[in-house]
Amino acid sequence: MLFDDVTAEIKLLKTKTGEIDSIEAQKPTDGLRDVPSQAGRKWSGVFHQVPSQGSISTINKAVVDLKDQEQTIIGRLIGGSLQLDIISIVGMPGLGKTFLADRVYRDPSITSHFHILAWCCISQVYCKKDLLLGILACIDPKAQYSEFDEDDLAHKLCKHLRKQKYLIVLDDIWDTEAWNALKISFPDDTNGSRILLTSRHHGIIGESHHLRPLDEEESWELLQKKLSITIEGGYPVELSVLGRQIAKNCNGLPLSIVIISGILGTLDQGRWEEVAERLDSNSKIGATEQCKSILELSYEHLPYHLKPCLLYFSAFREDQEISVKRLMCCGWLKDLCERRNQRALKN
Ligand SMILES: Nc1ncnc2c1ncn2[C@@H]1O[C@H](COP(=O)(O)OP(=O)(O)OP(=O)(O)O)[C@@H](O)[C@H]1O
Ligand SMILES: [Mg+2]
């Protein structure tokens with residue numbers, strides 16, 4: 001493709017994007033609620049962008065519906081007492097707590113029930129001011145609050161939430177300290193407002209819902225769905241027995257299945273047996289150790305040039321959104337992208 005053609009393509013894309021924006025602006029909003037994303041941006045009920053779990057096309061294909069779990073949480077959020085209630089989704093790392101909370105948060109029965117929805121990712125290391133700014137950004141994306149101090153922000157948040165039926169998701173909470181720092185901003189106007197927490201630890205605050213691991217069929221379903229995205233032509237039927245064995249040895253942990261699918265997707269199919277054997281030999285160790293071992297396996301199988309990428313990303317906080325601009329400040333990553341782009345253009 002010539003440089004002029006590329007320029008013309010970019011111009012065309014810009015025009016198309018402008019057209020889509022103007023159609024979106026004119027669209028009637030009846031029956032559609034804007035759901036604040038986890039990063040505080042608004043996203044529409046029609047053109048769903050799923051904040052942390054990948055692109056929508058990938059997500060739709062690779063979801064294992066845990067309707068029983070979803071309905072239990074939704075029931076607890078919508079039903080029950082009018083007093084402010086706190087529900088915690090509890091379980092080990094990688095079990096799918098954030099995934100479940102996200103599914104519930106976007107469910108139409110939830111988005112139509114609450115007046116205000118906000119998502120805040122807490123993590124092990126957090127800054128109270130950033131948490132408050134994050135929640136406020138979900139509620140009032142256009143406002144500029146960064147100049148305010150923590151007390152002002154806590155007060156402003158409380159004012160926004162007063163008399164409103166709200167749902168705040170506090171994802172990945174590690175201790176009661178984080179909860180104590182925020183709770184003053186959550187008024188109880190006995191109108192059915194709710195706080196939904198996710199945590200690896202039981203008993204931090206509120207009633208715990210212990211998330212269950214995937215069963216054997218669900219594990220196999222997730223592995224197949226993930227692989228049908230990465231492998232052209234879908235899942236190889238002749239490898240079903242091996243695939244089932246691999247899925248079973250992930251012990252119902254979605255994170256392990258996701259990582260394993262990444263490894264299998266890039267590996268020659270003749271080598272799947274090696275992966276199955278390695279998992280088999282690990283099946284007696286604890287789930288956390290097993291997950292670490294799967295991560296190690298995934299690192300071993302990464303192409304040489306991607307190994308530093310993985311190490312680089314591990315320097316960021318879990319579930320943190322990373323801006324492309326920030327990534328481009330990293331010299332070798334910029335080089336890597338440019339080289340890939342040049343190769344793509346040549347092809
Ligand atoms: N039901 C499911 N269907 C498809 N993918 C899932 C499902 N549950 C979890 N996953 C995937 O498994 C991975 C781990 O899930 P998630 O991040 O929600 O775990 P977590 O319990 O929140 O872990 P942590 O304690 O580290 O925060 C993610 O890639 C997620 O997309
Ligand atoms: Mg999580």
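Everything numeric in this text was worked out from a predicted model, so none of it was measured.

Conventions and cut-offs
- Residues numbered from 1 in each chain as written.
- Chains lettered and ligands numbered in written order.
- Predicted model: local features only at pLDDT ≥ 70, side-chain atom pairs only at ≥ 80, totals over all residues.
- Heavy atoms only, no water.
- Helix = DSSP H or I, 4+ residues; strand = E, 2+ residues; numbered from the N terminus.
- Areas by Shrake-Rupley, 256 points an atom, 1.4 Å probe, with all protein chains shown as cover.
- Core = buried A, V, L, I, M, F, W, Y, C linked by side-chain atoms within 4.5 Å.
- Buried < 20%, exposed > 50% of the residue type's maximum accessible area, 1.4 Å probe, protein only.
- Contact = heavy atoms within 4.5 Å.
- Pairing = 2+ DSSP bridges.
- Axes fitted to C-alpha atoms, helices over the stretch in contact; angles between N-to-C directions.
- Near = heavy atom within 4 Å.
- Polar contact = N/O pair within 3.5 Å; in protein donor to acceptor, adjacent residues only side chain to side chain.
- Domains from an automatic or database assignment.
- Patch = residues over 30% accessible without salt bridge, like charges linked within 9 Å, V, L, I, M, F, W, Y side chains within 5 Å.
- Salt bridge = Lys/Arg side-chain N within 4 Å of Asp/Glu carboxyl O.
- Lys, Arg positive; Asp, Glu negative; His and termini not counted.
- Charge placed at Lys NZ, Arg CZ, Asp CG, Glu CD.
- Expected span 1.5 Å × (residues − 1).
- Arc of directions from axis to C-beta.
- Parallel < 35°, antiparallel > 145°, perpendicular 65-115°, else oblique.
- Nonpolar A, V, L, I, M, F, W, Y, C, P; charged D, E, K, R; others polar.

## What about the overall build of the protein chain?
Now for step 1: Helices and strands together make up the secondary structure of the protein chain, namely 16 helices and seven strands.
Now for step 2: Counting only carbon and sulfur atoms, one obtains 54% of the accessible surface of the protein chain, whose full area is about 19400 Å².

## Concerning the nonpolar core
Now for step 1: Grouped together as the largest cluster of nonpolar side chains are 27 residues, with contacts concentrated most on I135, I168, L170, F186 and I195.
Now for step 2: Among the elements of the structure, β4 (116-121), α6 (128-139), α7 (150-161), β5 (166-171), α8 (176-182) and β6 (194-199) are those that each provide at least two residues to this core.
Now for step 3: The biggest single contributor to this core is α6, with six residues.
Now for step 4: With residues up to four places along the chain from it excluded, the contact list for I135 reads A118, C120, L157, I168, L170 and F186.
Now for step 5: Membership of the second largest hydrophobic core comes to 26 residues, among which are C250, I257, I259 and I294.

## Points about the sheet that holds β5
Now for step 1: Reading across from one edge, β4-β5-β6-β3-β7 is the order of the five strands in this open sheet, with parallel pairing throughout. Looking at which strands have only one partner, the edges of the open sheet turn out to be β4 and β7 (207-210). Here the average twist between neighbouring strands, direction ignored, is 20°.
Now for step 2: Of the strand pairs in this sheet, β4 and β5 are connected by six bridges, and their pairing is parallel. Residue pairing for β5: C120 is matched across the bridge by L170.
Now for step 3: Contacts from helix α3 (residues 67-78) reach β3 (85-90), β5, β6 and β7, with the element oriented near 165° to β7.
Now for step 4: Taken strand by strand, α6 contacts β4 and β5, and its axis lies near 150° from that of β4.

## Some details on the site of ligand 1
Now for step 1: Around ligand 1 lies a shell of 19 residues, among which G94, K97, T98, F99 and R200 are the nearest.
Now for step 2: Here V64 contributes a backbone N or O atom positioned 2.9 Å from a nitrogen atom of ligand 1.
Now for step 3: Between an oxygen atom of ligand 1 and a side-chain N or O atom of T98, the distance comes to 2.8 Å.
Now for step 4: Expressed as a share of its isolated accessible area of 630 Å², the protein-covered part of ligand 1 is 90%.
Now for step 5: The set of elements that each furnish at least two residues to the shell around ligand 1 consists of α4 (97-105) and α11 (254-266).
Now for step 6: The residues that make up the shell around ligand 1 include at least three from each of domain 1 (60-210) and domain 2 (216-301).

## Comments concerning a negative patch on the surface
Now for step 1: Residues D149, E150, D151 and D152 make up a contiguous surface patch of negative charge.
Now for step 2: Inspection of the secondary structure assignment puts E150 in helix α7.
Now for step 3: Look at E150 and you get partly exposed, because its relative accessible area is 33%.

## What about the pattern of salt bridges?
Now for step 1: By the definition in use, this model includes 14 salt bridges.
Now for step 2: Between K163 and D189 there is a salt bridge whose closest N-O contact spans 3.9 Å. Placement of the pair is K163 in the loop between α7 and β5 and D189 in the loop between α8 and β6, with a sequence separation of 26 residues.
Now for step 3: A relative accessible area of 66% means that K163 is categorised as exposed.
Now for step 4: For E217, the salt bridge is made with R244, and the minimal N-O distance between the two is 2.9 Å. Of this pair, E217 sits in helix α9 (residues 216-230) while R244 sits in helix α10 (residues 240-248), placing them 27 residues apart in sequence.
Now for step 5: Among the residues examined, E217 registers a relative accessible area of 47% and is labelled partly exposed.
Now for step 6: Via salt bridges that share partners, D65, K67, E70 and R103 belong to a single interconnected network.

## Topic: α6
Now for step 1: Over its twelve residues, α6 extends 17 Å from the first C-alpha to the last, a length consistent with the 16 Å expected when each residue adds 1.5 Å.
Now for step 2: Buried within α6 are the following residues: L131, L132, I135, L136, C138 and I139. In an axial view of α6, the angular spread of the buried residues amounts to 155°, which keeps them on one side of the axis.

## Side note on the packing of α11 against helix α12 (residues 272-281)
Now for step 1: Across the interface, α11 lies against α12 with an axial gap of 10 Å and an inter-helix angle of 155°. With respect to α12, the element α11 is oriented roughly antiparallel. Between α11 and α12, the residues in contact are I260, I263 and L264 and W272, V275 and L279, respectively.
Now for step 2: Class assignment for the residues of the contact of α11 with α12 results in six nonpolar, no polar and no charged.

## Comments concerning the pairing of β3
Now for step 1: Of all six residues making up β3, five are buried, and the element is well covered by its neighbours.
Now for step 2: Here four bridges tie β3 to β7, and the two strands are oriented parallel to one another. Bridging across to β7, I89 finds its partner in H209.

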